[in-house]
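Notes for the structure review
Chain by chain, the residues:
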Amino acid sequence: MTRLRTVEEQLDRVLADLRVLDPLELTLLDAQGLLCAEDVYAQAPLPSFDNSSMDGYAVRAADTTGATEAAPVVLPVIGDIPAGSPAPRGVTRGTCLRIMTGAPVPSGADAVVPVEWTDAGAGQVRIHRPASPEAYIRRVGEDIEAGDLAVSAGTPVGPAQVGLLAAVGRERVLVRPRPRVVVISTGSELVDVGQQPGVGEIIDANSYALAAAARDAGAEVHRAGIVPDEHSRLMDALSGQLLRADLIVTSGGVSAGAFDVVKEALSELGTVEFARIAMQPGMPQGFGVLGGERTPIFCLPGNPVSALVSFEVFVRPAIRLMLGKRLLFRHTVSATARRQMSSPPGRRQYRRGLLHRDDEGRYSAEPVGGPGSHLLASLARANCLIMIDEEVAEVSEGDEVAVIPLLPDA
Ligand code: AMP
Ligand code: MG
């Protein structure tokens, strides 16, 4: 029997065959969560004009000198400047204009007195505190100057970048787009959810789980449904989906059974390789490329836990690479094992687990359910994968183990 391939060896092969997707111009909200693929320069300065940062009175600072509660300075209010209005007239010596936050500072004024420092008068105002020059004025270009770099290529487009792009007048931005991932379940025993399974039939869980996982990883997903274990049906489905896919994920049909049609049919092509990986679950795996565009395809095993763990180990990093992300892998934490666990020698086990964090920030982990790769409910109760390395056959209670937290960001 040939040596099993390590997870790292398989990952190296997989990642070497992938490339980041070409940039695409998207509207701002569609660009959210993606990496900016251009250097965006501000066309205009921000703020775009001198404006008030407070509701108050635009004054000449010198006119407020010496103002106190006991001896307020009294100035006539010669007009109002609401936000959005042009500043029609200037402030002359000994006068002021009532001004709202965000409204343009009138000529002649060099400070704003907040309304809280006054009696809020309309015809004339009593000012209790002197304003220093420049007080409460936001100067043009103070945030960003015209021609400055607003968002650089490679920056994740989050809420602040979306806001800044809008503020500098950009409706669309070049980003690394979401890979379009097509998910196909194979198996003649499968029916879609909503249908009543007959004797020996089961509901397809994997195309839903894998579609959700792909979306979680940042992909745009198409669930292409169920294909029976028939060579021609599989090839038809794949060629029908190639056009719309940047990446294809199949489940089932990759082991050594008589009807493992994915392995049979795709091995013949010579561009998809089936290997035995030194991991549990997920030992049999296929990866390669299909069609003229050399679209990557992952052929994952059919057991739901094998499929999802294999997705986590291989497909999620692949999607992240295509998105242009620098960090392809989840971070791991070191945790104390709360229970004894055994693992097949020579294979890295990914045990479903519960990760706990105590008040001092120390982690501990315990397995959830057994190692069986059909135990989907256990996976649904887990919040982490406990990694037990190839050379470790037994973890004792109290040993340190590496754990991949699977918690969503929430
Ligand atoms: P296979 O990899 O095709 O040999 O399937 C391995 C096991 O996973 C079998 O018990 C299948 O019935 C089950 N299985 C395969 N595909 C799915 C699926 N899409 N949803 C749930 N279970 C599946
Ligand atoms: Mg099958």
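Here, the structure is the one placed above.
What counts, and where the lines are drawn
Residues numbered from 1 in each chain as written. Chains lettered and ligands numbered in written order. Predicted model: local features only at pLDDT ≥ 70, side-chain atom pairs only at ≥ 80, totals over all residues. Heavy atoms only, no water. Pairing = 2+ DSSP bridges. Helix = DSSP H or I, 4+ residues; strand = E, 2+ residues; numbered from the N terminus. Axes fitted to C-alpha atoms, helices over the stretch in contact; angles between N-to-C directions. Near = heavy atom within 4 Å. Polar contact = N/O pair within 3.5 Å; in protein donor to acceptor, adjacent residues only side chain to side chain. Areas by Shrake-Rupley, 256 points an atom, 1.4 Å probe, with all protein chains shown as cover. Nonpolar A, V, L, I, M, F, W, Y, C, P; charged D, E, K, R; others polar. Buried < 20%, exposed > 50% of the residue type's maximum accessible area, 1.4 Å probe, protein only. Lys, Arg positive; Asp, Glu negative; His and termini not counted. Salt bridge = Lys/Arg side-chain N within 4 Å of Asp/Glu carboxyl O. Contact = heavy atoms within 4.5 Å. Parallel < 35°, antiparallel > 145°, perpendicular 65-115°, else oblique. Left-handed = near helix turned anticlockwise from the far one by under 90°.

On to the pairing of strand S5 (residues 73-81). In regular strands, side chains alternate between the two faces of the sheet. Pairing analysis gives 4 bridges linking S5 to strand S8 (residues 124-127), with the strands arranged antiparallel. What sits directly across from Val73, in S8, is Ile127. Bridging between S5 and strand S6 (residues 96-99) involves 3 bridges; their strand directions are parallel. In the strand pairing of S6, Ile81 is matched with Ile99.

The strand order across the open sheet built from 6 strands is S15-S12-S16-S20-S19-S17, with neighbouring strands paired in mixed fashion. Each edge of the open sheet is held by one strand with a lone partner, namely strand S15 (220-227) and strand S17 (272-276). Strand-to-strand twist in this sheet, taken as the mean axis angle between neighbours without regard to direction, amounts to 15 degrees. Sheet topology places strand S19 (residues 284-290) next to strand S20 (residues 295-300); 5 bridges connect them, and they run antiparallel. The residue of S20 that forms the bridge with Phe287 is Phe298.

Near ligand 1 you find 18 residues, and of these Glu189, Asp204, Ala205, Gly253 and Gly302 are the closest. Here a nitrogen atom of ligand 1 sits 3.0 Å away from a polar atom, N or O, in the main chain of Ala205. At 2.8 Å from an oxygen atom of ligand 1 is found a main-chain nitrogen or oxygen belonging to Gly302. Relative to its unbound accessible surface of 480 Å², ligand 1 loses 77% to contact with the protein. Going through the elements one at a time, strand S12 (180-186) and strand S14 (202-203) are the ones with two or more residues in the shell around ligand 1. Here the residues of the shell around ligand 1 are counted per class, giving 6 nonpolar, 9 polar and 3 charged.

Right, let's get into the side chain of Arg351. When you line up the elements, Arg351 lands in strand S23 (residues 348-357). This buried residue, Arg351, is left without a salt bridge; Glu394 holds the nearest opposite charge, at 9.7 Å. Among the polar contacts made by the side chain of Arg351, one reaches the main-chain carbonyl oxygen of Gly369 at a distance of 3.4 Å. The residues contacting Arg351, other than those within four sequence positions of it, are Met341, Ser342, Pro367, Gly369, Gly370, Pro371, Cys384, Leu385, Ile386 and Ile388.

This part takes up the pattern of salt bridges. Evaluated as defined, the whole model comprises 18 salt bridges. Its salt-bridge partner being Arg5, residue Glu273 comes within 2.7 Å of it at the nearest N-O pair. Here Glu273, found in strand S17, pairs with Arg5, found in the segment before helix H1 (7-16); they are 268 residues apart in sequence, far enough to count as distant. Put simply, Glu366 and Arg339 hold a salt bridge, and the shortest N to O gap is 3.7 Å. Of this pair, Glu366 sits in strand S24 (residues 363-367) while Arg339 sits in the loop between strand S21 (333-337) and strand S22 (341-342), and the two are 27 residues apart along the sequence. The partly exposed category is assigned to Arg339, whose relative accessible area is 39%. Linked through salt bridges whose partners overlap, the residues forming this network are Glu8, Arg348, Asp389 and Glu390.

Turning next to the packing of helix H4 (residues 206-216) against helix H7 (residues 304-323). For the pair H4 and H7, interaxial distance at closest approach is 10 Å and the crossing angle is 25 degrees. Taken together, the axes of H4 and H7 are roughly parallel relative to one another. The hand of the H4/H7 crossing is right-handed. Residue-level contacts link Asn206, Ala209, Leu210, Ala213 and Ala214 of H4 to Pro304, Ala307, Leu308, Phe311 and Ile319 of H7. A breakdown of the residues in the contact of H4 with H7 according to their chemical character gives 9 nonpolar, 1 polar and no charged.

It is at 10 Å that the axes of H1 and H7 come closest, and there the two elements cross at 30 degrees. Where H1 crosses over H7, the handedness of that crossing is right-handed. Here Val7, Gln10, Leu11 and Leu15 of H1 come into contact with H7, specifically with Val313, Phe314, Pro317, Ala318 and Leu321. Looking at the contact of H1 with H7 residue by residue, the class counts come to 8 nonpolar, 1 polar and no charged.

Along the chain, Gly398 falls in the loop between strand S26 (394-395) and strand S27 (400-405). Gly398 sits 34 residues away from Ser364 along the chain, and the two C-alpha atoms are 8.8 Å apart. Those residues in contact with Gly398 that lie beyond four places of it in its chain are Thr336 and Ala337.

Geometry only, nothing functional implied.
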